[in-house]
Amino acid sequence: MTNITLFILNKNKKIIDVISNAGTNENAFYDDKFTQEINVASTFEFTLELNQRTKESVKAGNYLLFKYRNKNYLFTIATVETDDKDGFAEADVYCESVSLLLYNSVVQKTTLNNCNATTFLTTILQDTDFSVGIVDVEVDKNAALIETDKAKSVYELLTGNLETFKAEMDIRIEVDGNRVTNMYIDLYSQLGSNNGARFSYDTNLESVSRKEDISDLCTAIIGLGKDELDFREAEWSIDAGKPADKPRGANFIADDTANAMFGFPGKYIYGIYEDSSCEDAYTLLEKSYEKLQERKQPKIDYECKVAYLDKDINLGDTVTIIDRTYPEPLELTARVNKIEISFSDDSNNTCEFANYNKAYSNMITKNDPLEDLKNYILGLNIGKLTLAEIEVIKQY
């Protein structure tokens, strides 16, 4: 159990009551779940045996605040369902992140040209209770055209443009004495850290499943910008320090190695990248190339079921996942995309992962890698190596 104190605040965000899961059962909460997910509003739910005081304070529309791992979390009490029977009153309480109050504020039809994240936040938060907080330098480098043809809620506009700025959002709450004093929107290029945490099938991992998807795969990509802009007139050369060759006049950029592995002889698998705000051919080429790197190989997703969650795991952390029971031993890196925590029962703590990447090649087996490489080469046909075969050999 994790000892946590819940503070109940009135509509002026001033503390009016306290609930704890420490000490006696009187005025304690239980059956609780704190859910966090990247770029999704957090929720907190719990059950409470009501007394005369909490019957008055735990009401929909009031606020709930707690401090966990040196960070304040503030919620609006959304619903309170009470069961009063035989002199025993119990309430199921559901709370939503205070950030959802931004649904109640509206930004009128607007156009922001060459807008960075700081300017964007300053514009949309000006008539709200939130202030612009920390904005990563990397996030602020991503300028874009922000255009709305009709009024939108601040929350909808904010979350709808997080991908535009390649940002992950965090809500920061400051408390002074018995009241909330400041609420900030922070934008980071990536939440969490790489703390070396490991999940292994024989210890804290229950299962690992694998799914391969080629529906979005392409080995060449065509870029389309504003007013039907393309990058035919742009030219790249590896000899000039560019990451790929793209002759002038071509309206696509390709990856021949990927095409040898996944495509067809003499024929690319084409995809399209669109950016309606891009007005420069070379910028469009660079963005199209970056998108090609994402799509030039099959998407492989893994689903992992966690047996129990280490207390040091935070949202956004990069972890290592190991499963030696696979025919080919599996080692992945992944990010903690979602966490569910119970303060009253640590055994209910769990998390979900996303952005899986192989920590080492799937060509590595339980055998000696050099022996595997020798066997692979001996199995090749006589003649010149294909690009696909060269790529496989590189993985050793």
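Quick note: structure is the one above.
Residues numbered from 1 in each chain as written. Predicted model: local features only at pLDDT ≥ 70, side-chain atom pairs only at ≥ 80, totals over all residues. Heavy atoms only, no water.

**What to know about the overall build of the protein chain**
So, point 1. A count of helices and strands for the protein chain gives eight helices and 23 strands.
So, point 2. In the protein chain, which comprises 396 residues, the proportion classed as buried is 41%.
So, point 3. Long-range contacts, defined as pairs at least 24 residues apart, comprise 63% of the intrachain contacts of the protein chain with a sequence gap of at least 6.
So, point 4. With the model as given, the accessible surface of the protein chain reaches about 21800 Å², and the carbon-plus-sulfur share is 45%. (Helix = DSSP H or I, 4+ residues; strand = E, 2+ residues; numbered from the N terminus. Buried < 20%, exposed > 50% of the residue type's maximum accessible area, 1.4 Å probe, protein only. Contact = heavy atoms within 4.5 Å. Areas by Shrake-Rupley, 256 points an atom, 1.4 Å probe, with all protein chains shown as cover.)

**Focus on the layout of surface pockets**
So, point 1. Considering only enclosed or pocket space, the second largest pocket measures out at about 510 Å³ in volume.
So, point 2. Every residue lining the second largest pocket is counted, 28 residues in all, and those nearest its centre are Gln 36, Lys 71, Tyr 73, Asp 170 and Leu 315.
So, point 3. Ranked by residues supplied to the lining of the second largest pocket, first place goes to strand β6 (residues 71-85) with five residues.
So, point 4. Its residues assigned to classes, the lining of the second largest pocket shows 14 nonpolar, nine polar and five charged. (1 Å grid on protein atoms, 1.4 Å probe; cavity = no way out; pocket = protein on both sides within 12 Å on 5 of 7 lines; lining within 4 Å. Points joined across faces, edges and corners; volume = space filled by probe spheres on them. Nonpolar A, V, L, I, M, F, W, Y, C, P; charged D, E, K, R; others polar.)

**Description of the sheet that holds strand β18 (residues 252-254)**
So, point 1. In space, the three strands of this open sheet follow the order β18-β17-β19, with mixed pairing throughout. Among the strands making up the open sheet, the edge pair consists of β18 and β19 (270-274). Going from strand to strand, the sheet's axes swing by 25° on average, the running direction of each strand aside.
So, point 2. With respect to the sheet, helix α6 (residues 281-295) is in contact with β17 (220-224), β18 and β19, its orientation differing from that of β17 by roughly 145°. (Pairing = 2+ DSSP bridges. Axes fitted to C-alpha atoms, helices over the stretch in contact; angles between N-to-C directions.)

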